[in-house]
Amino acid sequence: VQLVESGGGLVQAGGSLRLSCAASGRIMSNSPVGWFRQAPGKEREFVATINGNGYMIYYADSVKGRFTISRDNAANTIYLQMNNLSPEDTAIYYCTARFPGNVVASRQISDYVYWGQGTQVTVSS
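Quantities reported herein were computed from a predicted structural model and do not represent experimental measurements. (Residues numbered from 1 in each chain as written. Predicted model: local features only at pLDDT ≥ 70, side-chain atom pairs only at ≥ 80, totals over all residues. Heavy atoms only, no water.)

Draft legend 1. Structural detail: the overall build of the protein chain. A count of helical and extended segments in the protein chain gives one helix and eleven strands. Secondary structure elements of the protein chain, listed N to C terminal, follow the sequence β-β-β-α-β-β-β-β-β-β-β-β. Against the 2.2 N^0.38 benchmark of 14 Å for 125 residues, the protein chain shows a C-alpha radius of gyration of 13 Å, consistent with a compact globule. In terms of principal-axis extent, the alpha carbons of the protein chain reach across some 40 × 25 × 25 Å. Across the 125 residues that make up the protein chain, the buried fraction comes to 46%. For the protein chain, the share of sequence-separated contacts (at least 6 apart) that also reach a separation of at least 24 residues comes to 61%. Here the protein chain displays about 6100 Å² of accessible surface, and carbon together with sulfur accounts for 48% of that area. Looking at charge distribution, the protein chain has the averaged site of its 10 positive side-chain charges lying 5 Å from that of its 8 negative ones. (Helix = DSSP H or I, 4+ residues; strand = E, 2+ residues; numbered from the N terminus. Rg over C-alpha atoms; globule rule 2.2 N^0.38 Å. Buried < 20%, exposed > 50% of the residue type's maximum accessible area, 1.4 Å probe, protein only. Contact = heavy atoms within 4.5 Å. Areas by Shrake-Rupley, 256 points an atom, 1.4 Å probe, with all protein chains shown as cover. Lys, Arg positive; Asp, Glu negative; His and termini not counted. Charge placed at Lys NZ, Arg CZ, Asp CG, Glu CD.)

Draft legend 2. Spatial organisation of the nonpolar core. By size, the foremost hydrophobic cluster in this structure holds 32 residues, and its most contacted members are Trp35, Leu80, Met82 and Tyr93. Contributions of two or more residues to this core are made by strand S3 (17-23), strand S4 (33-38), strand S5 (45-50), strand S7 (67-72), strand S8 (77-82), strand S9 (91-97) and strand S11 (119-124). In contact with leucine 80, other than residues within four places in its own chain, are Leu17, Arg18, Leu19, Trp35, Val47, Ala48, Phe67, Thr68, Ile69 and Tyr93. (Core = buried A, V, L, I, M, F, W, Y, C linked by side-chain atoms within 4.5 Å.)

Draft legend 3. Inspection of the packing of aromatic side chains at higher detail. Here the structure, examined in full by the defined rule, presents six aromatic pairs. Judged by centre distance (5.4 Å) and plane angle (70°), the rings of phenylalanine 36 and tyrosine 112 are edge-to-face. With phenylalanine 36 in strand S4 and tyrosine 112 in the loop between S9 and strand S10 (114-115), this pair connects stretches of sequence that are 76 residues apart. Overall, tyrosine 112 belongs to the buried group, its relative accessible area being 5%. Considering the side-chain rings of tyrosine 112 and tryptophan 115, the 6.4 Å spacing of their centres and the 65° angle between planes classify their relative orientation as edge-to-face. Among the residues examined, tryptophan 115 registers a relative accessible area of 28% and is labelled partly exposed. By the ring-pair criterion, three or more aromatic residues cluster together here, those being Phe36, Phe46, Tyr94, Tyr112 and Trp115. One cation-aromatic arrangement involves arginine 18 over tyrosine 79; the distance from NZ or CZ to the ring centre is 4.0 Å. Seen from the ring of tyrosine 58, arginine 107 lies directly overhead, with NZ or CZ sitting 4.2 Å from the centre. (Phe/Tyr/Trp six-rings, centres within 6.5 Å; stacked < 30°, edge-to-face > 60°. Lys NZ or Arg CZ within 6 Å of the ring centre and 35° of its normal.)

Draft legend 4. Fine view of the sheet that holds S8. In space, the four strands of this open sheet follow the order S1-S3-S8-S7, with antiparallel pairing throughout. The strands lining the two open edges of the sheet, one partner per strand, are strand S1 (3-6) and S7. When the angles between neighbouring strand axes are averaged without regard to direction, this sheet yields 15°. In this structure, S1 lies alongside S3, joined through four bridges in antiparallel fashion. In the sheet register, glutamate 5 faces S3, and the bridge partner there is cysteine 21. (Pairing = 2+ DSSP bridges. Axes fitted to C-alpha atoms, helices over the stretch in contact; angles between N-to-C directions.)

Now the structure itself:
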């Protein structure tokens, strides 16, 4: 079981980035998946989540209207499109998945069991 993020980097405020997360087939065929982030000195926080069929999607209030989560089950990949980035979005972004068999997308960090290694997103002012 593996989740591997990519797409992070340095961007100016107002810019965009697209994060990708390559997942093992067992996760992608069944599990709700999500993105969390952790800024220096802060706790890991919820960003966005999507369930297996893509019809249940939730966002943190801080990113609503700017970020879009999506998934391509055929490609075993999860995406996070981030637009209009601000310095407050600077963090390590983690891809995560619930245990196969769960069907509900969740905002709770304790509901997720599989985690990627994270990818750094830095937004300069």
